[in-house]
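# Tertiary structure, described
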Amino acid sequence: MNDMSSRPVSPPEMSSAEALQPKERRSRRFAWIGMAASILLFGASLVVLWHIVSDIDVNELKSAFTAASLRQIGLAVLLTAISYGLLTCYDAIALRQLKLQIPYRTTALASFTSYAVSFTLGFPLLTAGTVRYWIYSPKGVKPGRVASLTVIAGVTFWLGMALVLAWCLISKADELASLVYTHIWMNQLVGLGAAVFVAAYMIWVSLKRRSVKIQGWKLELPGFRLSLAQILIGAADVCAGAGVLFVLLPGGHGLNFETFVAVYIFAVMLGVASHAPGGLGVFEATILLALSSYPREPVLGALLLYRLCYYLIPFVIALALLGGYEIRNRIRAARLSFKPDEDEIAEVELGGR
């Protein structure tokens, strides 16, 4: 007879749900911290923005808003079109990486509308992903693929922005130091860090195929060639977007474009971190603080025109395109429902003989 008491008693196995609880709690804690930081950043930016604009003369602001020449507005519209045209390449690169054959007209529609909507409403992973799924799903693209596409497009944006930021901070460190009251070595250090990040990423993806896991699903990252295309397209898009606001600034400011691009990128990054729709308030506060040595009314008028050209007009066009797309799909579905089946046609023809 075996002595049951002599056997070692193993501790009860922990269920998978219990094992994941600490990890889930940490994830939720970090999510709450991130949300609180975003709300704090947004609130602080609103306070700063209100303090800046509270003593602005409304009449001077109106005159500054309407003082933009047709040439300035034409250049802003052109650069906006270039920027959104480059954004369609984001989806094209992602689709190529995912080995999905989608016509460019569909890619352009999905890319333009998703960015125009997400730029205005915020929460790009949710809003842009939803619009993309709406357009790509009839082509057989599954939700997981749409999520992968959205992430790859986001990588394109951040890689391009990091490259441009590195160049501007290193080449114009002295001008930025006098503009935003930082040290030259600090600007160069941040620029060098951004350059090292881009170079390290390129080396990392060029050695072998790389993949990351996000919320349990695996995403294979583009290799060296596609990553290089991502960086160049993203950099061109960032410069075009910054150019929209730059050409709308009042003449005679004497501000170098590379210096302004660095300020623009910091404003965009803070706007993204705040999770405010389109970085509203945070972006404006950053630009106004950086350009505090210039007259406020003309700069604020340029910011309002920038919002109109780069956000509001594309958003309205995107809504019109999405409405037309849905109407066309419903008309096509109605035609197919009323179209007689081939078997029914054959039966009618046989019955008439």
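To keep things clear, this report deals only with the structure shown in the data block. Quick caveat, the model's predicted, so the values are computed rather than measured. (Residues numbered from 1 in each chain as written. Predicted model: local features only at pLDDT ≥ 70, side-chain atom pairs only at ≥ 80, totals over all residues. Heavy atoms only, no water.)

Moving on: the overall build of the protein chain. Broken down by element type, the protein chain carries 13 helices and two strands. Put simply, 70% of the contacts in the protein chain that link residues at least 6 apart link residues at least 24 apart. Element-wise, carbon and sulfur atoms account for 67% of the exposed surface of the protein chain, whose accessible area totals about 20,800 Å². (Helix = DSSP H or I, 4+ residues; strand = E, 2+ residues; numbered from the N terminus. Contact = heavy atoms within 4.5 Å. Areas by Shrake-Rupley, 256 points an atom, 1.4 Å probe, with all protein chains shown as cover.)

What follows deals with helix H12 (residues 296–338). Since there are 3.6 residues in each turn of an α-helix, residues three or four apart along the chain are aligned in direction. The end-to-end C-alpha separation of H12 is 62 Å, in line with the 63 Å expected for 43 residues at 1.5 Å each. Maximal helix bending in H12 amounts to about 35 degrees, located at Leu-308. (Expected span 1.5 Å × (residues − 1). Bend = angle between axes of the 7 residues up to and from the residue.)

Relative to the elements of secondary structure, Thr-127 occurs in helix H5 (residues 124–136). What makes Thr-127 buried here is its relative accessible area of 15%. Filtering out sequence-adjacent residues up to four positions away, Thr-127 remains in contact with Val-117, Ser-118, Leu-121 and Gly-122. (Buried < 20%, exposed > 50% of the residue type's maximum accessible area, 1.4 Å probe, protein only.)

In total, this model carries 19 aromatic pairs according to the counting rule given. The ring of Tyr-311 carries Arg-307 above its face, with NZ or CZ at 4.5 Å from the centroid. (Phe/Tyr/Trp six-rings, centres within 6.5 Å; stacked < 30°, edge-to-face > 60°. Lys NZ or Arg CZ within 6 Å of the ring centre and 35° of its normal.)

Tallied over the entire structure, the rule returns five salt bridges. Of the charged contacts in the structure, one is a salt bridge between Glu-258 and Lys-172, with a shortest N-O distance of 4.0 Å. One end of the pair, Glu-258, is in helix H10 (residues 257–274); the other, Lys-172, is in the loop between helix H6 (143–171) and helix H7 (173–180), with 86 residues separating them in the sequence. Take Lys-172: its relative accessible area is 16%, and that puts it in the buried class. With a closest N to O distance of 3.9 Å, Arg-209 and Glu-220 form a salt bridge. With Arg-209 in the loop between helix H8 (184–207) and strand S1 (211–214) and Glu-220 in strand S2 (residues 217–220), this pair connects stretches of sequence that are 11 residues apart. Judged by relative accessible area, Arg-209 falls into the exposed class, the value being 70%. (Salt bridge = Lys/Arg side-chain N within 4 Å of Asp/Glu carboxyl O.)

Attention now moves to the environment of Leu-221. With respect to the element layout, Leu-221 can be found in the loop between S2 and helix H9 (224–248). Separated by 66 residues in the primary sequence, Leu-221 and Val-155 have C-alpha atoms spaced 9.3 Å apart. Apart from the residues lying within four places of it in its own chain, the contact partners of Leu-221 are Gln-97, Tyr-201, Trp-204, Arg-210, Ser-211 and Val-212.

Moving on, we come to H5. Taking 1.5 Å per residue as the helical rise, H5 with its 13 residues ought to reach 18 Å, and the 17 Å between its terminal C-alpha atoms agrees with that figure. Residues of H5 that are buried include every one of Thr-127, Ala-128, Gly-129, Val-131, Arg-132, Ile-135 and Tyr-136, and no others. Where H5 is buried, its residues meet helix H3 (70–97), helix H4 (104–121), H6 and H12.

A word on the side chain of Thr-156. Tracing the backbone through its elements, the reader meets Thr-156 in helix H6. Other than its neighbours up to four places away in sequence, Thr-156 contacts Tyr-90, Gln-230 and Gly-234.

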